[in-house]
Number of protein chains: 2
Amino acid sequence: MFSKSCEYAIKASIFIAQKREGVQCVRVKEIAKGINAPEHFVAKILQELSRKKVISSMKGPNGGFCMSEAQINKPVLDIVLLIDGDGILNNCVLGLEHCSSSNPCPMHLEYQKIKLGIKNMLEKNTIRDFNNLLVAKEAVLFTD
Amino acid sequence: MFSKSCEYAIKASIFIAQKREGVQCVRVKEIAKGINAPEHFVAKILQELSRKKVISSMKGPNGGFCMSEAQINKPVLDIVLLIDGDGILNNCVLGLEHCSSSNPCPMHLEYQKIKLGIKNMLEKNTIRDFNNLLVAKEAVLFTD
DNA sequence: ATAATAAAAGATATTTTACTCTTTTATTAT
DNA sequence: ATAATAAAAGAGTAAAATATCTTTTATTAT
Ligand code: SF4
Ligand code: SF4
């Protein structure tokens, strides 16, 4: 469904939202540990999220990654679009390249419903929504 | 969503179901052309489907791949499970490895609905169902 | 100013997925 | 029997995704 990069991006964002108290930053090392992902790999992903203003970053001591209230309130879709592109919303289940509703693949009608569900899930839910479950201890970001 | 192999497997199966009149076989070359896929790649995939009895095959002149009525009436899920495994039904959106409903990831509740939809789509629809749309010219397997 | 810290950037390595090419085996028509 | 046909099998290549390692740059505390 998502690329590994995208999974890490979502989990990292939720982790930052959760850890951050006030305006304090959280370091990649801690993030990587908290979501059980390779440190330098998530670093690269977070750099991109930062460049695109989905999260914020600070260099030097006490530096790290953080998110503003506004950033935490963004839908998860924003992250997905940034990392994986819009394929999940637009691509075909069967990989047809130039299909249309007037010339659909056999699975189109059935798959449309799924795609709508996915779109809904990703744009109705914010980083905060998923973070809330974490804070309420109704969910985790890490198992082993 | 599906691997390329799986996309080809589904499209090829529908193509065989559609082309096959009586017990006649259809050659890989024709199949590959009909679904716009690399010939030797689909050959390999079809060999596996054949080994696992999801389709049938015959060597020599007039040989090729074909499907029995029973095979055509199987749900598309059978093909997916064979090629991609059950990941699509069981894996986590966020890639947690040992999660459970009692220790779910933040997206679990939302994602459960999607997964159920996918499962439904794949087990309620047979190769025949999708082939019917093709025969009725309400769908295509190939665009360019 | 200096040293320590942590992200940014870039280069390299590994693994998985996708695809191609060649040889072998089974079947059939002549 | 023989030649033609088409799948089966196997080896090899290419590209993309994932992961690691190293160097540079910005920030801050001393
Ligand atoms: S018709 Fe719909 S499901 Fe089919 S290829 Fe196009 S977008 Fe995908
Ligand atoms: S709880 Fe559900 S969505 Fe989350 S990782 Fe497990 S299966 Fe996936």
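Residues numbered from 1 in each chain as written. Chains lettered and ligands numbered in written order. Predicted model: local features only at pLDDT ≥ 70, side-chain atom pairs only at ≥ 80, totals over all residues. Heavy atoms only, no water.

1. Some remarks on the overall build of chain A
Our working rule: A run of DSSP states H or I qualifies as a helix once it reaches four residues; a run of E qualifies as a strand once it reaches two. Both are numbered from the N-terminal end. A 1.4 Å probe rolled over the protein chains alone gives each residue an accessible area, and that area as a share of the maximum for its type sets the label: buried under 20%, exposed over 50%, partly exposed in between. Residue contacts follow a heavy-atom distance rule, with two residues in contact if any of their heavy atoms lie within 4.5 Å. All accessibility values rest on the Shrake-Rupley procedure with a 1.4 Å probe; residue burial counts only the protein chains present in the view.
Each helix and strand in chain A was counted, giving eight helices and two strands. Ordered by position in the sequence, the α and β elements of chain A form the string α-α-α-β-β-α-α-α-α-α. In terms of its C-alpha atoms, chain A occupies a principal-axis envelope of roughly 55 × 30 × 30 Å. When each of the 144 residues of chain A is scored for burial, the buried share is 48%. Of the contacts formed within chain A by residues at least 6 apart in sequence, a portion of 66% connects residues at least 24 apart. In the structure as shown, chain A presents an accessible area of about 7600 Å², 50% of it carried by carbon and sulfur atoms.

2. Quick notes on the protein's contact with DNA strand D
The criterion, for reference: For each residue, the test is whether any non-hydrogen atom lies within 4 Å of the molecule or strand; if one does, the residue is near. Whenever two N or O atoms come within 3.5 Å, that pair is a polar contact, provided that in protein one can donate a hydrogen and the other can accept it, and provided that, for residues adjacent in sequence, both atoms are side-chain atoms. Any residue that is not Ala, Val, Leu, Ile, Met, Phe, Trp, Tyr, Cys, Pro, Asp, Glu, Lys or Arg is counted as polar, Gly included; the first ten are nonpolar and the last four charged.
Taken together, 24 residues sit near DNA strand D, with A:Pro38, A:Pro61, B:Val28, B:Gln47 and B:Ser57 positioned nearest. The sugar-phosphate portion of DNA strand D accounts for 72% of its atoms within 4 Å of the protein, the bases making up the rest. Contact between DNA strand D and B:Val28: a phosphate oxygen at 3.0 Å from a main-chain N or O atom of the residue. Taking B:Gly60, its main chain carries an N or O atom lying 3.2 Å from a sugar or linking oxygen of DNA strand D. Elements with a contribution of two residues or more to the surface near DNA strand D: α1 (4–19) and α3 (39–51) of chain A together with α3 (39–51), β1 (56–58) and β2 (64–66) of chain B. In terms of residue class, the surface near DNA strand D is made up of nine nonpolar, nine polar and six charged.

3. Some remarks on unusual backbone geometry
The backbone of A:Lys137 shows a phi angle near 60°, a positive value even though the residue is not glycine. Within the fold, A:Lys137 resides in the segment after α8 (127–135). Even without being glycine, B:Lys53 reaches a positive phi, approximately 70°. Note on placement: B:Lys53 falls in the loop between α3 and β1. Residue B:Lys53 is classed as exposed on the basis of its relative accessible area of 65%.

4. Digging into the protein's contact with DNA strand C
Around DNA strand C, 24 residues are found, and the nearest of them are A:Val28, A:Gln47, A:Ser57, B:Pro38 and B:Pro61. Between DNA strand C and A:Val28 there is a distance of 3.0 Å, counted from a phosphate oxygen to a backbone nitrogen or oxygen. Take B:Asn62: an N or O atom from its side chain is 3.2 Å from a phosphate oxygen of DNA strand C. Of all the secondary structure elements, the ones that give two or more residues to the surface near DNA strand C are α3, β1 (56–58) and β2 (64–66) of chain A together with α1 (4–19) and α3 of chain B. Counted by class, the surface near DNA strand C contains nine nonpolar, nine polar and six charged residues.

5. Describing the nonpolar core
This is how it is decided: Buried Ala, Val, Leu, Ile, Met, Phe, Trp, Tyr and Cys residues that are joined via side-chain atoms within 4.5 Å together make up what is termed a nonpolar core.
In terms of nonpolar packing, the biggest core is built from 97 residues, with A:Ile10, B:Ile10 and B:Leu122 touching the most fellow members. Those residues in contact with A:Ile10 that lie beyond four places of it in its chain are A:Phe2, A:Val76, A:Ile79, A:Val80, B:Leu94 and B:Met107.

6. Re the interface of chain B and chain A
The line we're drawing: Here a salt bridge means any side-chain nitrogen of Lys or Arg lying within 4 Å of a carboxyl oxygen belonging to Asp or Glu.
In this assembly, 38 residues from chain B lie in contact with 38 residues from chain A. At the boundary of chain B and chain A, one finds zero salt bridges. Counting across the interface, chain B meets chain A through eight residue pairs in polar contact (both at pLDDT 80 or more). With seven residues, the top contributor of residues to the side of chain B that touches chain A is helix α7 (residues 108–124) of chain B. Of the residues assigned to the side of chain B that touches chain A, the class counts are 25 nonpolar, six polar and seven charged.

7. Notes on the site of ligand 1
By nearness alone, every residue bordering ligand 1 is listed as A:Cys92, A:Val93, A:Leu96, A:Cys99, A:Pro104, A:Cys105, A:His108, A:Tyr111 and A:Lys115. When grouped by side-chain class, the residues that make up the shell around ligand 1 number seven nonpolar, one polar and one charged.

8. Observations regarding the relation of the copies chain B and chain A
Superposition of the two copies of the chain requires a rotation about an axis together with a shift along that axis. As a reminder, the rule being used: Only residues with pLDDT of at least 70 in both copies count here: their C-alpha atoms drive the least-squares fit that superposes the copies.
When chain B is fitted to chain A, the residual RMSD is 0.0 Å, and the transformation amounts to a turn of 180° plus an axial shift of 0.0 Å. One copy is carried onto the other by what is essentially a two-fold rotation axis. For chain B, the minimum C-alpha distance to the rotation axis belongs to B:Met1 and amounts to 2.5 Å. With an isologous cut-off of 70% or more, the 100% of interface residues of chain B that recur at the interface of chain A puts this contact in the isologous class.

9. What to know about the site of ligand 2
The immediate surroundings of ligand 2 are formed by B:Cys92, B:Val93, B:Leu96, B:Cys99, B:Pro104, B:Cys105, B:His108, B:Tyr111 and B:Lys115. Its residues assigned to classes, the shell around ligand 2 comprises seven nonpolar, one polar and one charged.

10. Comments concerning the environment of A:Pro106
Tracing the backbone through its elements, the reader meets A:Pro106 in the loop between α6 (87–90) and α7 (108–124). A C-alpha to C-alpha distance of 9.8 Å links A:Pro106 and A:Val93, two positions 13 residues apart in sequence. Each residue touching A:Pro106, except ones within four places of it in the same chain, is listed here: A:Leu94, B:Ile14, B:Phe130, B:Leu133, B:Leu134, B:Ala139, B:Val140 and B:Leu141.

No statement about biological role is implied by the geometric values presented.
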